[in-house]
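# Coordinate analysis (summary)
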Amino acid sequence: MSSAAPSRPYAWYVVGVLTLANVSSFVDRQILSLLIEPIQRDLGISMTQMGALIGVPFALFFSIMGLPLARLADAWSRRGVIGIGIAVWSVMTAACGFAGTYGRLLLARVGVGIGEGSLQAPAISLISNYFPSERRATAQGVYATGIFLGSGLAYFIGGWIVGLVSAQEMWSLPIVGAIRPWQTVFLMVGLPGLLVAALMWTVREPERIDHSRGTAPLSELWAWARANFRVSSLYAAGFVASATVNFGIATWMNRWMTASLEWSVPRAGMVQGILTMTLGTIGVMGGGRLSDWFLKRGHRDAPLRVGMIGSAGLFISAIAAFGSTGDTAVILWLGVVNVFAALPWGAAQAGAAHLVPARLKAQGVALFILTLNLIAFSLGPLAVGFVTDRFFDRDVLRLGNSLQVITALGLIVALAFMFAARKSYSLASSSLANDKSGA
C-alpha cells in the first residue's frame, strides 16, 4: 500500500487499466448473444433455454462470488483479486470453445461468472479511493464505458468472426482437433484477456481512506443494510429494473436484426457494435458528467435524476426502434437507444459507492452489484425468450414485440422506484457527507 497521494495522471491511468478490464469482461460476457442461432441449431435448444444459458448460470455465480471476493479485496489486495479474476474468466471463456453439449457450455459459463465476480466492487472501491467525491461520477463514467466498449467489440468482432468461420462446417485446430465454428469464437476472444490480467499488476493499491485494520464483519454490513433498508432497496430496485431491460435488449437485439430485418450476422454485429462503442460510450460518460453537474448544484439525488432521464429516453426510443422496419429508421432509433441505455450507469455505480461508509465500501458496492446482476442479468435474457415462446408461438419474427413488452414493463417499474427513492437518497447522502467515514 502506498502512503503517498497518487498523482492525478496516475489516477486516470488506473481508471484506464480498470476500463480495459471492464472491456474484456463484457466481450467475454456478451459474445454468446452473437452465437444464438448456431448454438440453438447445433445443440437443439429452445429460445427459453438459450436465454437461461446466457443469463442464469453467469449471473448466479457472478453475484454469489461478488460478496466474498469483495471481502477478500477489503482484507487483502483489490489489485490482486481483480488480476486473478481476469485470468479465471479468460480461461473459462476459452473453455466454452471446448463445450460440445448444453451442460458443458453451462458449466463453462458458471466459471466465467465466478471470475467476473472479482471485478466490479473492488474496481469501484479503487476508483473511490483515487478520486474526491465531486469527481467520482465522472471517473466511474469513464470506467463504465468498458461496458459499452466491451459489448460493442463483442458484437463487432464477434459478427466478423462468425461471418469468417460460417463458410465451414467444422474447423480443425492444432492439438484441439475438429471444433464447430462458434466454438472457435470463444477461443479467439477469451485468451487475449490473459494480457489484461498481466497489465493489472502495474496498478498500485492506494491508501485506504478508512485506516482500521482488517475486514469489516458481515454483521456490520447487514446492520448497515437494515438501517438503510428503505433507501438501499428503492435505489437498487430502480436500477435493477432498468438493467433488466438493458440486458434483455443487448442479448436479443442481434437475433432480432437477423430475423426481422434479414440482415447478415456480420452486418448486424457491425451496426450494433459501432453504435454501442460510440453512442453508448458518449451516453455513459455524459451521464457521469451530468450527475456531477447536478451534485455541484446541490441535488443530492443526482444519480437518480440521471437514471430517470435515461429510463424515460430508453422507453420512447426502444419502443420506436423495435416497431420500425426500414433500415434507416432502425439505425437512427437504435442510436438513440444506445445513448439513453448507457446514460445512468456511471452515475448509478458512483451513487451506490457514495451511500456506503468507507470501511464497508467494496462489500456494500458488491451487495448492490449482486442484487443488480442476480436479478437483471438472469431475468432480462430469460424474460424475452420466455415471452416469445409463451405468447408469440416461438416465432422469431415476433422478437420485436417481445422486446417492446419487456421494455415497457421494466421501465415503468424503474421510473416508479427511482422517483420513490429520491427523498430518502438525498437525506442519506447528506447525512453521510457530514461523516468522514463516508468519504
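Our subject in this report is the structure included herewith.

Conventions adopted
- Residues numbered from 1 in each chain as written.
- Predicted model: local features only at pLDDT ≥ 70, side-chain atom pairs only at ≥ 80, totals over all residues.
- Heavy atoms only, no water.
- 1 Å grid on protein atoms, 1.4 Å probe; cavity = no way out; pocket = protein on both sides within 12 Å on 5 of 7 lines; lining within 4 Å.
- Points joined across faces, edges and corners; volume = space filled by probe spheres on them.
- Helix = DSSP H or I, 4+ residues; strand = E, 2+ residues; numbered from the N terminus.
- Nonpolar A, V, L, I, M, F, W, Y, C, P; charged D, E, K, R; others polar.
- Contact = heavy atoms within 4.5 Å.
- Core = buried A, V, L, I, M, F, W, Y, C linked by side-chain atoms within 4.5 Å.
- Buried < 20%, exposed > 50% of the residue type's maximum accessible area, 1.4 Å probe, protein only.

## Some thoughts on empty space enclosed by the protein
- Evaluated as defined, the whole model comprises four cavities of 30 Å³ or more.
- Space inside the largest cavity adds up to approximately 470 Å³.
- Along the wall of the largest cavity there are 27 residues; nearest its centre are F26, I147, F148, N246 and F247.
- Looking at the lining of the largest cavity, the elements with two or more residues in it are α1 (8-30), α7 (133-165), α11 (229-260), α12 (265-296), α14 (327-342), α15 (345-355) and α16 (361-391).
- Ranked by residues supplied to the lining of the largest cavity, first place goes to α11 with six residues.
- Residue composition of the lining of the largest cavity, grouped by class: 17 nonpolar, nine polar and one charged.

## Describing the environment of A108
- As for its placement among the helices and strands, A108 is situated in helix α5 (residues 102-116).
- For the pair formed by A108 and P344, sequence separation is 236 residues and the distance between their alpha carbons is 31 Å.
- Contact partners of A108, with chain neighbours within four places excluded, come to M92, A95 and C96.

## Here we look at the nonpolar core
- The biggest cluster of nonpolar side chains holds 124 residues, and the ones touching the most others in it are L18, I39, M50, F239, W256, M257 and L334.
- Residue contributions to this core peak at 16 residues, all from α11.
- When near neighbours in sequence (up to four residues on either side) are disregarded, W256 contacts L261, A321, F322, S324, V330, L334, L399, G400 and L403.
- Grouped together as the second largest cluster of nonpolar side chains are five residues, F294, A302, V306 and L343 included.

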